[in-house]
Amino acid sequence: MLKRIGAEEGGEFKAVASGTLPSGRPVVVNADGTVSVISQTSATQALGSATVFEAATTIEPESAFDSNSNKIVIAYRDGGNSDHGTAVVGTVSGTSISFGTPVVFNAGETTKINVVFDTSNNKIVITYQNDASSDNGTAIVGTVSGTGISFGSPVEFETSDAANQAAVFDSTNNKVVVLFRDGGNSNYGTAIVGTVSGTSISFGTKVVFTSTNLQYPSIAFDSSNGKVVIAYKNDSNNYGTAIVGTVSGTSISFGSAVVFNSGATAFTSTIYDSNAQKIVIAYRDDGNSDYGTAIVDTVSGTSISFGSEVVYESANSAFHKAVYDVTAQKVVIAYQDGGNSDYGTVISGTVSGTSISFDTAAVFESATTGDICIAYDSNAEKVVIAYRDYGNSSHGTSIVFQTGYSSTNLTSENYIGMSRGVVNVTSLTQTIGSAVTFEDADTKYTVATFDSVNNKVIIAYRDNGNGGYLTAIVGTVSGTSISFGTPVVAASNSSTYLGIAFNANAGKCVISYKNASTTYGLAIVGTVSGTSISFGTAAIFNSADTENIIAGYDAASQNVVIAYQDKGNSSYGTAIVAVISGTSVSFGSEVVFQSTNSNPRSIVYDSGSSKIIIGYRKYDSWMRGFGVVGTVSGNSISFGTPVRFDTHNTSGYDIEYISLTYDSNANKTLFTYRGNSQNGQINVATVSGTSISFGTVVTFHAANTQEILSFYDPDAQLHGIAYEDAANTPDFEYVTATISGTSATISSPTAISSNIGSSQMTMGATYDTNANKGVLAYQILSPDSRGTARVIQNASTTITRGQVTNGQAASMDIIGSVSDNQIGLTIGQQYFVQTDGTIGTTAATPSVLAGTAISATELVVKT
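Residue positions are counted from 1 within each chain, in the order its sequence is given. Selection of residues for local features in this predicted model requires a pLDDT of at least 70, selection of side-chain atom pairs for listing and counting requires 80 or more, and totals for whole chains, interfaces and linings are taken over all residues. Heavy atoms from the whole structure form the basis of all side-chain values; hydrogens and water molecules are not counted.

A. Structural detail: the overall build of the chain. Check the secondary structure of the chain and you find zero helices and 78 strands. In terms of overall dimensions, the chain has C-alpha extents of about 100 × 75 × 50 Å along its principal axes. We call a residue buried when its accessible area falls under 20% of the maximum for its residue type, exposed when it is over 50%, and partly exposed in between, using a 1.4 Å probe and counting protein chains only. When burial is assessed residue by residue, the chain has 56% of its 863 residues classed as buried. At a minimum sequence separation of 6, the contacts of the chain that also span at least 24 residues come to 51%. The Shrake-Rupley method, run with a 1.4 Å probe, gives the accessible areas here. Residue values count only the displayed protein chains as cover. As presented, the chain carries roughly 30,800 Å² of accessible surface, and 42% of it is formed by carbon and sulfur atoms. Across the chain, 39 positive and 67 negative side-chain charges occur, with their mean positions spaced 4 Å apart. A helix here means a DSSP run of H or I that spans at least four residues, while a strand means a run of E at least two residues long, and both kinds are numbered starting from the N terminus. We call two residues contacting when some pair of their heavy atoms lies within 4.5 Å. This count recognises Lys and Arg as positive and Asp and Glu as negative, with His and chain-terminal groups excluded. Charge positions are represented by NZ for Lys, CZ for Arg, CG for Asp and CD for Glu.

Here you go:
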């Protein structure tokens, strides 16, 4: 019921807010009757590190999530302890899992293990075949406490051979349903209902659901229909078959069996998708080259119908186990991929109607993997896969999987109007701060980065006033000014060709440079503390003459990439991955990205595609400009095909001063450089996979342009470009660029300073995301070549809205009324609700009409 407050007046409606409710935003009504803004959540697919839970041969592990203690429970046959039935409790944290001490629940040979969690009694129920007692079917109740588990007494539900078991909890009737192959009754498929009481369990009467030898059974509970669904291989024809069961009291009855795969079927795994309200069966289709296949099932009464089969693994596959990820609203299937060396593999799929589509599969274990089980931890919102790792002595191993997803609370029905309140617009003008000296001596090869952990700017440079030593200094931005600590020598040798990058995961920076004495390429790790910085020991990444060194941070791999000209290898363009450990740095293998004389100039990370982009010059009669896309995996990097970005350039002009900045709003990279006729120019790059393409060249300075440096301002959503106007005095000037599609618009230039001198060698720029300011670091030759820095505040407009906090009364403009707290609308334009909580001129998914604009600030609300 909608939690209404007061009456409607003139199209105004009041209800209780759930969460903060900014004004002027679309509002949806929630299932509990509250109202909230539209929101979108997402996560990137990821795997944690494998963790051993049993350092011995582990057979038939099965698992379940205990939502009372927020723990994963894995039960298995311990080959290192006389095949005893054993259980262990796991705790998920992020993408890691840790385990308590294993506990034996059956001191005898134990097989056909299943684990379910009884949510009504908050108990774990393990069913198994007790091979030490005539292979009887047995169940035992477990109670999780901390990282341990204790058990009641075992209870037999079948006094003869009970193989091929499966079990599920029926939350409608609060019963455990166990199915098995009844060796005392011609191996028929049989089910029985169990009731947990305290630390024990009792059972009703056995019911046969198939008068055939039961093979590969699996079971799921359909909570929307209150039914259990069993999938199995019908031994009389080997077909994949399903049947619906209804629990009543301590008994169960069944509808008619229906074939879902008219071919040999193995390794069935059945799961319920609570969002789509469908059953999904995953299995190996032996009638189709043993491919991994899934099918969506719809329960109606005691019947079941099926959509079309969908192949998710076009290779021999086995040990299929499925679980439903409630947060991602996806079915997750883990399996052994026979088409890839029997590696453990996981894939996620989204149900739509009576079909299912799949994402890209990921390998979770690069070795032969068997006896797979899977569970969903609803507290950590992660999937836990446990398995037998044949690549590690068959040890019991587990890994945490983050399903990739993007979801929204917006549906085609729940939008009810626009929130009321006041819109405040704050405008900031462009301001260039005063020059601040950070080094009173001649500085060269200046580079800069922002330490987002300590909220400091780090500037590194060659100090010609102190033997050309590699030196660094820490800056603190305040307003449009910056102050500095004391310079610190990082390397007591003459250093050139500096590169710098901040590793946000390690909280350290990496400075790369050439030792002018040995000519080798080295890197060193710096750690900021307060207004100072300390360094570890430098490490060599290239034992040859190394020049034109640059560095960038790859957030996906959480490593730094160094690119350089390897003069010891024909001056080829080369890259290497730098891995931080403490205050040390190590390297992967060198990889050539350009097999000709090449000068790397700038590097940036494209967060939209999780790729590294390198901008460089290649000697081809004249120096031409190229971009190339790099993909980092661990400590290795691979490259796509380089693409030239200056094809308009005529002979006689070298491409120079390349500077790259990534635009997180447009998901594009801006290449800024000196191009045709020595003009300052820009070109917008788009990454697709491992390819890069370029848009329209725009000139930002139609005269001799030198010493270009740039940064991206995510707050103003523009690129700041500083450059030397070598045709005029020279002067130091500044423009901004705003990307639109594959081109960009340029602002009018602003003078930073005049008569700074020429040939600045290298200048650095970065953006302080804490102070929301850009920082330029450069050498001013007039009058004394000192190291200088400036802070830049870009012009921007910030919109803030009056808001209602959680639980307070919220007012909304509903259908037919006018929302008059909008901004920047186009009269007569229809606007649609977007999944990020804004409105836009194109429909999102789902398509929901917000209304029509009648002025720049007014929207007639429609649905």
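B. Spatial organisation of the pattern of salt bridges. Salt bridge, as used here: a side-chain nitrogen of Lys or Arg that lies within 4 Å of a carboxyl oxygen of Asp or Glu. Here the structure, examined in full by the defined rule, presents 17 salt bridges. Between glutamate 656 and arginine 601 there is a salt bridge, with its nearest N and O atoms 2.8 Å apart. A residue pair is termed long-range when its members are at least 10 positions apart, and glutamate 656 in strand 58 (residues 656-663) and arginine 601 in strand 53 (residues 591-606) qualify at 55 residues. In this structure glutamate 656 comes out as buried when scored by relative accessible area, which is 13%. Exposure remark for arginine 601: the relative accessible area of 22% places this residue in the partly exposed category. Taken together, the shared-partner salt bridges connect Lys514, Asp545, Glu547 and Lys567 into one network.

C. Up close: the nonpolar core. Here the nonpolar core consists of buried residues drawn from Ala, Val, Leu, Ile, Met, Phe, Trp, Tyr and Cys, with membership extended through side-chain atoms lying within 4.5 Å. Grouped together as the largest cluster of nonpolar side chains are 21 residues, with contacts concentrated most on Ala460, Leu470, Leu498, Ile511, Tyr513, Ile533 and Phe535. Here this core takes six residues from strand 44 (residues 488-503), the largest share from any one element. Discounting chain neighbours no more than four positions away, the residues touching isoleucine 533 are Ile458, Ala472, Val474, Val488, Cys509, Gly526, Thr527 and Val528. Val177, Leu179, Leu214 and Ile243 belong to the second largest nonpolar core, which has 17 residues in total.

D. Representation of the side chain of threonine 471 within the structure. Assignment of secondary structure puts threonine 471 in strand 42 (residues 469-478). What makes threonine 471 buried here is its relative accessible area of 2%. In protein, a polar contact means a hydrogen-donor-capable atom and an acceptor-capable atom, both N or O and within 3.5 Å, with residues adjacent in sequence counting only if both atoms are side-chain atoms; elsewhere, any N or O pair within 3.5 Å suffices. In this structure the side chain of threonine 471 is engaged in a polar contact, spanning 3.2 Å, whose partner is the backbone oxygen of tyrosine 469. Discounting chain neighbours no more than four positions away, the residues touching threonine 471 are Ile459, Ala460, Tyr461, Asp463, Pro487, Val488, Val489 and Ala490.

E. Region of the structure containing the pairing of strand 13 (residues 136-145). Counted residue by residue, strand 13 has eight buried out of 10 residues, so it is predominantly covered. Pairing analysis gives seven bridges linking strand 12 (residues 123-130) to strand 13, with the strands arranged antiparallel. Bridging from a neighbouring strand, asparagine 130 pairs with asparagine 136 of strand 13. For two strands to be treated as a pair, DSSP must find no fewer than two bridges joining them. If you look at the hairpin formed by strand 12 and strand 13, you'll find five residues sitting between the two strands, and serine 134 has a positive phi there, around 60°. In this structure, strand 13 lies alongside strand 15 (residues 155-170), joined through four bridges in antiparallel fashion. Its bridge partner lying in strand 15, asparagine 136 is registered against aspartate 161. By the bridge criterion, four bridges tie strand 13 to strand 14 (residues 148-151) in an arrangement that is antiparallel. Bridging from a neighbouring strand, threonine 143 pairs with serine 150 of strand 14. A loop of two residues connects strand 13 with strand 14, the two strands running antiparallel in sequence, and glycine 146 in this loop sits at a positive phi of about 65°.

F. Spotlight on the side chain of lysine 233. Along the chain, lysine 233 falls in strand 20 (residues 227-234). In this structure, lysine 233 is buried with no salt-bridge partner, the nearest side chain bearing the opposite charge being aspartate 235 at 5.2 Å.

G. Focus on the environment of valine 28. Relative to the elements of secondary structure, valine 28 occurs in strand 3 (residues 26-29). With 676 residues separating them along the chain, valine 28 and asparagine 704 place their C-alpha atoms 56 Å apart. For valine 28, the residues in contact, after removing those within four places along its chain, are Thr34, Val35, Ser36, Val37, Ile38, Asn409, Leu410, Asn414 and Tyr415.

H. Broad picture of unusual backbone geometry. Cis geometry is found at the peptide bond from threonine 845 to proline 846, where omega equals 5°. In this structure, glutamine 558 takes a positive phi of about 60° despite not being glycine. Following the sequence through the fold, glutamine 558 ends up in the loop between strand 49 (546-554) and strand 50 (559-566). The class of glutamine 558 is partly exposed, set by a relative accessible area of 37%. In this structure, tyrosine 657 takes a positive phi of about 55° despite not being glycine. Here tyrosine 657 lies in strand 58. Classification of tyrosine 657 as buried rests on a relative accessible area of 18%.

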